[in-house]
Amino acid sequence: MISVRNLSKYYGARQVLSATSHDFPPGQITSVIGPNGAGKSTLLMLMARLLEPSQGQVLLGQDDATLMPINQYAQNVATLRQSPGLNMRLTVAELVAFGRFPYSRGSLTQDDHRMIDEALNFLSLAPLRHAYLDEISGGQRQLAFLAMTIAQQTSVLLLDEPLNNLDMKHAVHIMQSLRRLCDEQGRTVILVIHDVNFAANYSDHILALKAGEVQFSGSTHDTIDESLLRDLYELDFEIMNNKRGCVCDYFTPRLGASQ
Amino acid sequence: MLYSDKLDSNRHNSNRHYTQKLSCLLLLIVALSLILLLAGSGLDVDYIIPKRFARLTAIIIGSLCVALSSIIFQTLVNNRILTPAIMGYEAVYLMWQALLLLTLGTHGLAMLGTGGNFFISLALMLVYSWLLQRWLLGQARPDLYRLLLIGLVLTMVISTFTQFVQLRIDPGEFAVLQGLSYASFTRANTDTLLYSIIAVTLVCVIGYKYWPELDALTLGQAQATSLGVNTTQLMRLYLALIAILVSVSTSLIGPTAFLGIFVANITYALSASRKHRLTLPMGCAIAMTLFLVAQLLVEHVFNYRTTVTILINLVCGAYFLMLIVRTRGTL
């Protein structure tokens, strides 16, 4: 299980995240939601060890994550950042092969090849395995990066806005894949997400941040609530449940209601 | 299925092409080396051939240094334009030589000896590299344009300072300094060659261990960290190795300016990959070919009426301009 204790991050005097503590339920999808500048990505980057915390700890089980060798950490926690840029030509399979780096340092074993194939098949990317990344669509590229993280075979996956700039079909494909990762393989998925509807329909657990502090957290059922979301986003919400899930409608706030 | 089969065979072809290209280059290098050694030598094994052999060794060691340092540096800062030469390494070397001449004079320089000068320059490069690395690592995400600006400004400031020193020294010393500021394969003596061979061998042995980590670093620092690479340590190690390579190449053959960019980018184009196990050998072969061709042209076509630097800068400078114009916005 991954958890954070009293985690804070300052840039000079500016506090981006203040004394945040949270236990992320294992084997479930947790969506981190909140307005821009709430500290969501900062929290995720601290957990990924891409930023140094100003205070507090990230715990992996009982161990302090920052004391663990980075290579060992990479075998437990995989991270996919926001729209990762790439300035070289790589094929999809070559990119996914990097997911095995923490285990084999680039010289792939039979096992590694199997994991790479599994990850590609899991996301139905096998037909594109030899295509170059700069020749496929943005959605397919995002899937390729996700496949790399999956091939890393970690118990925890951290994803920073994985649906950014994707069309609906690819967004649904990614969310369904994440759901299957939890349900079929028991992995813990933690993602920062802006689309509250995807969060409501696919995650088990919600962590809402605002101005660097935890606003609320809990099971999706308890937290997708009109008044909680209204306070979080300062927008007027109407939540409609139907047989396929729920829709949080915030598109046309009633006049005056958001004040 | 058909589509992927086709791509499969493309991939196979590109591997075969790489081997073909590299073998062609190697054959060319052997041929050019033999010409350099033997052409018009009258097979004089007592004087001419040993002299030329030293020159050939300088070319080989120098091109190894230039290719390895440029390609690895580009991986560390994650772009295709910056090289150690642009980041001011060579300017620092020249400034140091100018200062030495000013304070000690040519006699002092002779007293310091080749070895002394070599090792002090090396230490100086390491210090410069350490400062640069502190600054590079201090940045969450080094911005290309800022790095480029800093590099150019540093080079300019240091070169201007060198010029200022030049005005204070006497004409004889000025001639010595002038000689140092052009690339040439004839200046190296046996001592420098020996130290250089030892240094480059050491760098290769240490550097070879972490080639796979360099590959991961081509995905960017953050992604490499997520894949379990200790990027801070890796940067520190390789910047130190690069400092050694640059100090070897500058003391052996002088400043190489644009050559690094030229070699690195031709390498990426020819090896169609950024895997260091492919790019580093290819880069070395390209640099050797280029140096050998330039040296042969200077010796046999231009009869020493031009220098290697002028030839190389002419070709490479034009290529550099083309690179900036053609890849505008995508670098």
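Residues numbered from 1 in each chain as written. Chains lettered and ligands numbered in written order. Predicted model: local features only at pLDDT ≥ 70, side-chain atom pairs only at ≥ 80, totals over all residues. Heavy atoms only, no water.

This part takes up a nonpolar patch on the surface. Residue and element names in this part refer to chain B. A cluster of nonpolar residues, V30, L34, L38 and L43, forms a patch on the protein surface that exposes about 370 Å² of accessible area. Mapping L43 onto the fold places it in the loop between helix 1 (2-38) and helix 2 (48-77). Residue classification places L43 among the exposed residues on the basis of a relative accessible area of 62%. (Patch = residues over 30% accessible without salt bridge, like charges linked within 9 Å, V, L, I, M, F, W, Y side chains within 5 Å. Areas by Shrake-Rupley, 256 points an atom, 1.4 Å probe, with all protein chains shown as cover. Salt bridge = Lys/Arg side-chain N within 4 Å of Asp/Glu carboxyl O. Helix = DSSP H or I, 4+ residues; strand = E, 2+ residues; numbered from the N terminus. Buried < 20%, exposed > 50% of the residue type's maximum accessible area, 1.4 Å probe, protein only.)

So, about the layout of surface pockets. Of the voids in this model, the second largest pocket is the one considered here, and its volume is about 910 Å³. Considering the residues around the second largest pocket, the lining is formed by 31 residues, among which A:E94, A:G106, A:L108, B:K275 and B:R277 are closest to the centre. Of the residues in the lining of the second largest pocket, the class split is twelve nonpolar, ten polar and nine charged. (1 Å grid on protein atoms, 1.4 Å probe; cavity = no way out; pocket = protein on both sides within 12 Å on 5 of 7 lines; lining within 4 Å. Points joined across faces, edges and corners; volume = space filled by probe spheres on them. Nonpolar A, V, L, I, M, F, W, Y, C, P; charged D, E, K, R; others polar.)

What follows is about helix 10 (residues 226-233) of chain A. All names here are of chain A. Turning to helix 10, its buried residues number three or more, namely L229, L232 and Y233. What you see down the axis of helix 10 is that its buried residues fit within an arc of 75°, all on one side. Those residues of helix 10 that are buried are in contact with strand 3 (29-33), helix 8 (196-202), strand 9 (205-210), strand 10 (213-219), strand 11 (238-242) and strand 12 (245-249). Downstream of helix 10 by one or two residues, E234 has phi in the positive range, about 55°. (Arc of directions from axis to C-beta. Contact = heavy atoms within 4.5 Å.)

Residues and elements named next belong to chain A. With domains assigned, chain A is organised as domain 1 (1-76 + 156-170 + 184-258) and domain 2 (86-153). Distance between the C-alpha centres of domain 1 and domain 2: 26 Å. In this assembly, twelve residues from domain 1 lie in contact with 14 residues from domain 2. Buried surface at the junction of domain 1 and domain 2, both sides included, amounts to about 990 Å², of which 55% is carbon and sulfur. At the boundary of domain 1 and domain 2, one finds zero salt bridges. Joining domain 1 to domain 2, the criterion identifies four residue pairs in polar contact (both at pLDDT 80 or more). Among the elements of the structure, strand 7 (156-160) and helix 7 (168-185) are those that each provide at least two residues to the side of domain 1 that touches domain 2. Sort the elements by how many residues they give to the side of domain 1 that touches domain 2 and helix 7 lands first, with three residues. Tallied by class, the residues present in the side of domain 1 that touches domain 2 amount to five nonpolar, four polar and three charged. (Domains from an automatic or database assignment. Buried area = accessible area lost by both parts, 1.4 Å probe. Polar contact = N/O pair within 3.5 Å; in protein donor to acceptor, adjacent residues only side chain to side chain.)

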